[in-house]
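Below are the chains, spelled out letter by letter.
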Amino acid sequence: MRSNFTLKIEVPAKIFMLRPLGFFVRSLIEQLSDNCDASDVIDRVELAFSEAFTNICRHAYSATREGPAIIEIISSNDQLTFVFTDFGKGFDPEKVMPPNLDEPREGGLGLWLMKQVMDDYSYRTESDGRNVLTLRKKMTKSMPSPMEVA
Amino acid sequence: MQVQAANGVTVISMDERFDATIAQKLKDTVKSLAEREQTRLVIDLSQTRFIDSSGCGALVASLRVLMKNKGDMKIAGPSAQARSLFQLTRLNRVFEIYDTLPEALKSFS
């Protein structure tokens, strides 16, 4: 990675923000990833970002409950970390069943996909009500994906 | 998102990003097409660099609506990122996928 830094932005957790944020994050990762010659790593990070932000908009908040999403992007020692904080409804990721991929559905893939494409996933609800999702990815040439191994 | 119809087949061309910002619009459009009995559809992804699970969900919903109305849906020109996501989610077993739009259109003839 080109440099170590932390970037912090606060945005309304609204779906209309997803597109500009997605373009921004993609562009940022591409700029940082001069040691990463595999575009599929960038694709995966972009996917995880999109899934995480969409989940906050759709599940933490809702049509009747609005609030912010605080997004920290941390670049450090070839590792990229996203920390998403929201103040909406939390959940227990252990209670979310993995999707049955033999029965395609309209939704329910986001959390599973984040775990598939990132190196590390953690989610916790703090005592003050903040929900904190952390995603990490080593920004080096990717290992074969699960489907490539399968 | 652009919608065009020719020779009994409707082509919906998706934009560079296919995510939650556009997923509902696709579902509404396909539902409207099905109500008008325009149920032979190609989703053209040749301009789509990025798709996420919301995009995939909209495709699943669209296929269901069309099948329910005795129609069909083909996917044309997915990027490497889209193909990778279809494989990971096994939607490559559900969708009929063609490399190019002309190939997808030809499959209806």
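Here the residue index of a chain counts from 1 through its sequence in written order. Chain letters start at A and ligand numbers start at 1, both assigned in the order the entries are written. Local features in this predicted model are restricted to residues whose pLDDT is 70 or higher, and side-chain atom pairs enter the listing and the counts only when it is 80 or higher, whereas totals over whole chains, interfaces and linings include all residues.

(A) Spatial organisation of the interface of chain A and chain B. Taken together, the contacts link 22 residues of chain A with 20 residues of chain B. Secondary structure elements are defined from DSSP: runs of H or I of at least 4 residues count as helices, runs of E of at least 2 residues count as strands, and each element is numbered from the N terminus. Mapped by element, the contributors of at least two residues to the side of chain A that touches chain B are α1 (18-32), α2 (39-60) and α3 (110-117) of chain A. If one sorts the elements of the side of chain A that touches chain B by residue count, α2 of chain A sits on top with seven residues. What counts as a contact here is a pair of residues whose C-beta atoms, placed from the backbone, lie within 7 Å.

(B) View of unusual backbone geometry. Residues and elements named next belong to chain B. Of note, the phi angle at Asn-7 is positive, near 55°, even though the residue is not glycine. Within the secondary structure, Asn-7 is located in the loop between β1 (2-6) and β2 (9-13). Residues other than glycine seldom take positive phi values, yet Arg-90 does so here, at roughly 65°. Here Arg-90 is to be found in the loop between α3 (80-88) and β7 (96-98).

(C) Just the packing of α2 of chain A against α3 of chain A, in detail. Residue and element names in this part refer to chain A. Only the stretch in contact is used when a helix axis is fitted, and all axes are lines through C-alpha atoms; the angle between N-to-C directions ranges over 0 to 180 degrees. Running from N to C, α2 and α3 point in directions that differ by 150°, and their axes come no closer than 9 Å. Classed by the angle they form, the pair α2 and α3 counts as roughly antiparallel. Both α2 and α3 take part in a crossing whose hand is left-handed. Every residue of α3 that contacts α2 at Arg-44, Leu-47, Ala-48, Glu-51, Ala-52, Thr-54 and Asn-55 is listed here: Gly-110, Leu-111, Leu-113, Met-114 and Val-117. Three residue categories are used. Nonpolar comprises Ala, Val, Leu, Ile, Met, Phe, Trp, Tyr, Cys and Pro, charged comprises Asp, Glu, Lys and Arg, and polar comprises the others, including Gly. Of the residues that constitute the contact of α2 with α3, the class distribution is seven nonpolar, three polar and two charged. Oblique is the label for any angle not under 35 degrees, not over 145, and not in the 65 to 115 range, which are roughly parallel, roughly antiparallel and roughly perpendicular in turn. When the near helix sits turned anticlockwise from the far one by under a right angle, the crossing is termed left-handed; a clockwise turn instead gives a right-handed crossing.

(D) Region of the structure containing the packing of helix α1 (residues 20-35) of chain B against helix α2 (residues 53-68) of chain B. All names here are of chain B. Their axes nearest at 8 Å, the elements α1 and α2 cross at an angle of 10°. By the angle between their directions, the pair α1 and α2 is classed as roughly parallel. Side by side, α1 and α2 meet where Ala-20, Ala-23, Leu-26, Lys-27, Val-30, Lys-31 and Ala-34 of the first sit next to Ser-54, Gly-55, Gly-57, Ala-58, Ala-61, Ser-62, Val-65 and Leu-66 of the second. Grouping the amino acids of the contact of α1 with α2 by side-chain chemistry returns nine nonpolar, four polar and two charged.

(E) Fine view of the sheet that holds strand β1 (residues 5-12) of chain A. Residues and elements named next belong to chain A. Pairing is antiparallel across the open sheet formed by five strands, whose spatial order is β1-β2-β3-β5-β4. Unpaired on one side and paired on the other, β1 and β4 (120-125) mark the two borders of the sheet. The mean angle between the axes of side-by-side strands here comes to 15°, regardless of whether they run parallel or antiparallel. When DSSP finds at least two bridges between two strands, those strands are taken to pair. One ladder, built from six bridges, connects β4 with strand β5 (residues 131-138); its direction is antiparallel. Each residue of the ladder has a partner; that of Arg-124, found in β5, is Val-132.

(F) Inspection of the pairing of strand β4 (residues 40-44) of chain B at higher detail. Residue and element names in this part refer to chain B. The element β4 is largely enclosed, with a buried count of five among its five residues. A residue is called partly exposed when the number of other C-beta atoms within 10 Å of its own lies between 12 and 20, exposed at 12 or fewer, and buried at 20 or more, with C-beta atoms placed from the backbone. Residues of β4 alternate between two faces, with Arg-40, Val-42 and Asp-44 on one and Leu-41 and Ile-43 on the opposite face, all of them buried. Relative to β4, β2 runs parallel, the two sharing four bridges. Residue pairing for β4: Ile-12 is matched across the bridge by Ile-43. Sheet analysis places β4 next to strand β6 (residues 72-76), joined by five bridges and oriented parallel.

(G) Inspection of α2 of chain A at higher detail. Relative to the 32 Å expected for 22 residues at 1.5 Å per residue, α2 of chain A spans 31 Å between its end C-alpha atoms, a close match to the ideal helical length. With 18 of 22 residues buried, α2 of chain A lies mostly within the body of the structure. By this rule, a helix spans an expected 1.5 Å times one less than how many residues it contains.

(H) Broad picture of the sheet that holds β6 of chain B. Residue and element names in this part refer to chain B. Pairing in this open sheet of five strands is mixed, and the strands run β1-β2-β4-β6-β7 from one edge to the other. Only two strands of the sheet have a single neighbouring strand rather than two, namely β1 and β7. When strand polarity is set aside, the average angle formed by the axes of neighbouring strands in this sheet is 25°. Lying over the sheet, α1 contacts β1, β2 and β4, oriented at roughly 170° with respect to β2.

(I) Structural detail: the pairing of strand β3 (residues 79-86) of chain A. All names here are of chain A. Only one face of β3 is covered, namely the face carrying Leu-80, Phe-82, Phe-84 and Asp-86; the face carrying Gln-79, Thr-81, Val-83 and Thr-85 is uncovered. Bridge count between strand β2 (residues 68-76) and β3: eight bridges; the pairing is antiparallel. If you follow Ile-73 over to β3, its bridge partner there is Phe-82. What sits between the antiparallel neighbours β2 and β3 is a turn of two residues, in which Asn-77 has the positive phi angle 50°.

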